[in-house]
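Descriptive analysis of the structure
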Amino acid sequence: MRHRAVGYRGYMNSEFADHARPNRSAHDLDVHRGHWLDLDPRTTYGLARLRYEVFTMGQGITSEQDLDGADLDPTTTTYWVEDEGVPVATLRVLRGPSGLPAIGRVATSPTHRGRGLAGSLLRAAVADHDGETIDLHAQAYLENWYERFGFTRSGDPDVEAGIPHVPMRRGV
């Protein structure tokens with residue numbers, strides 16, 4: 001019996017390139033959480049590839065490194081949703097400069113947008129930090145979306161990586 005080896009090229013080309021399941025919603029997919037050093041290498045690669053697809057290729061962010069080392073910090077937790085074993089939405093929670101939990105790197109594959117996946121991730125992260133104030137630095141056009149989850153603007157708008165952002169906070 002022959003087995004198909006799924007290596008770097010197979011994972012990137014087959015599982016990512018044509019990975020669109022139009023009928024799978026947030027209700028059909030589980031939220032996973034973990035630390036990059038504890039994950040299967042394929043999952044870690046999939047998370048990095050997803051963020052590259054969204055931030056670098058999709059938004060053209062090249063002035064700042066997405067892989068900034070914070071994912072390797074022991075206090076950082078990554079949340080993600082998979083579709084058929086491939087990460088299709090993700091975010092991370094780390095300890096921000098204020099010492100509070102800070103949500104960032106929220107990304108959903110273009111093929112899976114509009115299904116509530118980022119909302120499911122955000123709800124899970126907020127639930128895991130119940131009783132804590134949570135910060136985030138939102139892209140300005142998403143301010144109203146984050147408000148639906150209890151976040152409010154907490155400072156003046158600024159520009160990061162050429163994109164308008166607003167600081168937001170969710171109190172206890």
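Remember, predicted model here, so these are calculated numbers, not experimental data.

Reading guide: rules and limits
One numbering rule holds for all chains: residues counted from 1, following each sequence as written. Reporting in this predicted model follows two pLDDT cut-offs: at least 70 for local features of residues, and 80 or more for side-chain atom pairs to be given and counted; totals over whole chains, interfaces and linings ignore these cut-offs and use all residues. Each side-chain value is derived from all of the structure's non-hydrogen atoms; neither hydrogens nor water enter the calculation. The term salt bridge refers to a side-chain nitrogen of Lys or Arg lying within 4 Å of a carboxyl oxygen of Asp or Glu. In this description a helix means any DSSP run of H or I spanning at least four residues, a strand means any run of E spanning at least two, and both kinds are numbered starting from the N terminus. With a 1.4 Å probe rolled over the protein chains alone, any residue whose accessible area is under 20% of its type maximum counts as buried; one over 50% counts as exposed, and the rest are partly exposed. Multiplying 1.5 Å by the residue count of a helix minus one yields the expected span of that helix. Two axes are fitted around each residue, one to the seven residues ending there and one to the seven starting there, and the angle between them is reported as the bend at that residue. Whenever a nitrogen or oxygen atom comes within 3.5 Å of another N or O atom, the pair is scored as a polar contact, on the condition that within protein one atom can donate a hydrogen and the other can accept it, and that pairs from neighbouring residues in sequence are kept only if both atoms are in side chains. The pairing test for Phe, Tyr and Trp rings, Trp by its six-membered ring, is centres within 6.5 Å, and the orientation test on the planes gives stacked under 30 degrees, edge-to-face over 60, and tilted for anything in between.

One pass over the full model with this rule turns up 10 salt bridges. Notably, a salt bridge pairs arginine 51 with aspartate 71, separated by 2.9 Å at the nearest N-O pair. With arginine 51 in helix α2 (residues 41-58) and aspartate 71 in the loop between α2 and β2 (77-83), this pair connects stretches of sequence that are 20 residues apart. Just as arginine 51 is buried, aspartate 71 falls in that class too.

Under the 1.5 Å per step criterion, the end-to-end length of α2 is 24 Å for 18 residues, consistent within 8% with the ideal 26 Å. Roughly 30° is the biggest bend found in α2, and it falls at tyrosine 52. For α2, the full list of buried residues reads Thr43, Thr44, Gly46, Leu47, Ala48, Leu50, Arg51, Val54 and Phe55. At the N-terminal boundary of α2, the capping side chain belongs to aspartate 40, with an oxygen 2.7 Å from the backbone nitrogen of arginine 42. Immediately downstream of α2, the backbone of glycine 60 shows phi near 70°, a positive value.

Bringing the packing of aromatic side chains into the picture now. Within the structure shown, the criterion is met by three aromatic pairs. Where tyrosine 146 meets phenylalanine 151, the ring centres are 6.2 Å apart and the plane angle is 80°; that geometry is what we call edge-to-face. By relative accessible area, which is 1% here, phenylalanine 151 ends up buried. Through a chain of ring-to-ring contacts, the aromatic side chains of Trp145, Tyr146, Phe149 and Phe151 assemble into a single cluster.

A few words on unusual backbone geometry. The general pattern is negative phi for most residues beyond glycine and trans for most peptide bonds. Here glutamate 84, not a glycine, exhibits a phi torsion of approximately 55°, which is positive. Within the secondary structure, glutamate 84 is located in the loop between β2 and β3 (86-95). With a relative accessible area of 55%, glutamate 84 lands in the exposed category. Backbone geometry places arginine 105, a non-glycine residue, at a positive phi of 50°. Considering the arrangement of structural elements, one finds arginine 105 in strand β4 (residues 101-108). Classification of arginine 105 as partly exposed rests on a relative accessible area of 21%.

Treat this as a map of the structure, not an account of what it does.
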